[in-house]
Amino acid sequence: MKLAVVGSAGYAGGELLRLLLQHPEVRECVATSRSQGGKPIADSHPALATVTDARFSNATPGEAARGCDVVFLCLEHGESSAVAAEVFRAGPGMVVDLAADFRVRDPRLYQQYYGAHAAPELLGRFTYGLADVLGTKLRGATAIAAPGCFATAAQLALYPLARAGLDVSPSLFAVTGSSGAGAQPKPTTHHPARAHNLFAYSPLGHRHQAEVLQGWRQWIGRPDASARLITHSGPFVRGIYLTLHAHIPDECAISGGEPGRTAGEWFRDAYKDRPFVRVLDQPPELTHAVATNYALVHAVESAEGREVQVTVAIDNLVKGAGGQAIQAMNLALGINECSGLRGGGVFPC
Ligand SMILES: NC(=O)c1ccc[n+]([C@@H]2O[C@H](COP(=O)([O-])OP(=O)(O)OC[C@H]3O[C@@H](n4cnc5c(N)ncnc54)[C@H](OP(=O)(O)O)[C@@H]3O)[C@@H](O)[C@H]2O)c1
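Residues numbered from 1 in each chain as written. Predicted model: local features only at pLDDT ≥ 70, side-chain atom pairs only at ≥ 80, totals over all residues. Heavy atoms only, no water.

The subject of this paragraph is the site of the ligand. Taken together, 27 residues form the shell around the ligand, and within it Ser 33, Arg 34, Ser 35, Leu 75 and Ala 183 come nearest. Here Gly 7 contributes a backbone N or O atom positioned 2.8 Å from an oxygen atom of the ligand. Here Ser 33 contributes a side-chain N or O atom positioned 2.7 Å from an oxygen atom of the ligand. Taking 860 Å² as the accessible area of the ligand by itself, protein coverage stands at 84%. If you map the ligand onto the pockets, it falls in the largest pocket. For the shell around the ligand, the secondary-structure elements that each account for two or more residues are helix H1 (11-20) and helix H11 (318-333). (Near = heavy atom within 4 Å. Polar contact = N/O pair within 3.5 Å; in protein donor to acceptor, adjacent residues only side chain to side chain. Areas by Shrake-Rupley, 256 points an atom, 1.4 Å probe, with all protein chains shown as cover. 1 Å grid on protein atoms, 1.4 Å probe; cavity = no way out; pocket = protein on both sides within 12 Å on 5 of 7 lines; lining within 4 Å. Sits in = over half its atoms within 2 Å of the grid points. Helix = DSSP H or I, 4+ residues; strand = E, 2+ residues; numbered from the N terminus.)

Set out below in structure tokens:
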């Protein structure tokens, strides 16, 4: 396959390049950069120096897309909407967008969290690529909106609850590492402000809330269903650690004694054929997911069956960005879902 990664000097682009350069189906991969065009890729992504001595291309998104089987867009929010029409006109086989531009189908929900959409006419072309839930339903998709990192962890916690018919209003407390904010330095990613520190941000209004509501409401089948994402910045570089808690109404109380009626069994059943979700017997540790495409998940109910707690650990740049985007591409093309993604982690890290 011939691929292009547009906006590839950033963290999401770098992670995609790391994985695609080792993907068995990839013959050629063009990496474009507005800021770094002509410079060695390894100048921006030093860890790739051992696998490529190629340089970033100056090609525009449309030029890069021409003749490609798949184009990945790794641009800042709003930029994908600006270039998508040009990219589609170039006629690539598939477009995978890693930004939030095409993730939310309902324009009113999008407006609430992001403001007016710049290319609403293109929204209908995109399939939301939550690979671990959709699996082979992604087959044939030609434009994929890769889910956000928090939204991926949240929805992997929510999906089995919806599948079990648990119409509850969960709270999802999540902590992200500093790489979630991208390569451009910001006051909140500066080492002295971030190391040994923990703080909430976007209280009651993180943008990924829109995707979380979209998935939860669709699965529960109730347009006013609620699920609250509560976001924090943590003192680590990679990863998202998320804990869901919900009170369970009497009529839905979980009976741990009955076969098929424990939270752990719901999760094992929901993900039994999914290669990248591991349901554990105890809560995961974040570092065990780092640098992998795996989601590590644990679910348990309280002794009286009136509360459920679910914990999810993922790598924000792999499962939450480049890895899931490649998994969705593999599924859409009908090639082995795990191609290029089987690598283990790097503990201790
Ligand atoms: N970080 C995550 O955990 C994560 C997870 C899921 C989705 N995403 C999404 O992916 C998209 C890209 O996010 P990101 O985290 O990769 O952001 P980033 O590191 O800030 O990169 C964003 C853009 O910055 C540009 N850039 C300009 N000057 C640069 C420089 N000196 N060094 C590096 N990059 C430079 C790059 O474009 P050029 O190469 O064209 O200059 C790149 O496309 C966003 O829409 C984000 O929401 C991010």
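Next comes the rest of the account.
Attention now moves to the packing of aromatic side chains. Between two aromatic rings, the relevant description is the distance of the centres plus the angle of the planes. One pass over the full model with this rule turns up eight aromatic pairs. The interplanar angle of 25 degrees and the centroid separation of 4.8 Å between the aromatic rings of Tyr 110 and Tyr 114 together place this pair among those described as stacked. Taken together, the positions of Tyr 110 and Tyr 114, both in helix H5 (residues 107-114) and four residues apart, correspond to about one turn of that helix. Here the aromatic rings of Tyr 159 and Trp 219 are separated by 5.1 Å at their centres, their planes lie at 65 degrees, and the arrangement is edge-to-face. Note that Tyr 159 is positioned in helix H7 (residues 149-163) and Trp 219 in helix H9 (residues 208-220), a separation of 60 residues in sequence. Three or more aromatic residues link up through ring pairs in this structure, and these residues are Tyr 159, Trp 219, Phe 267 and Tyr 271. Stacked on the ring of Phe 88, the Lys or Arg Arg 125 has its end atom at 3.8 Å from the ring centre. (Phe/Tyr/Trp six-rings, centres within 6.5 Å; stacked < 30°, edge-to-face > 60°. Lys NZ or Arg CZ within 6 Å of the ring centre and 35° of its normal.)

Side chains Met 94 and Val 96 project from strand S4 (residues 94-97) onto one buried face, and the interleaved Val 95 and Asp 97 project onto a second face that is buried too. With four bridges connecting them, strand S3 (residues 70-73) and S4 associate as parallel partners. Its bridge partner being in S4, Val 70 is matched across the sheet by Met 94. The pairing of S4 with strand S6 (residues 143-145) spans three bridges and is parallel. Within S6, the residue paired with Val 96 across the bridge is Ile 144. (Buried < 20%, exposed > 50% of the residue type's maximum accessible area, 1.4 Å probe, protein only. Pairing = 2+ DSSP bridges.)

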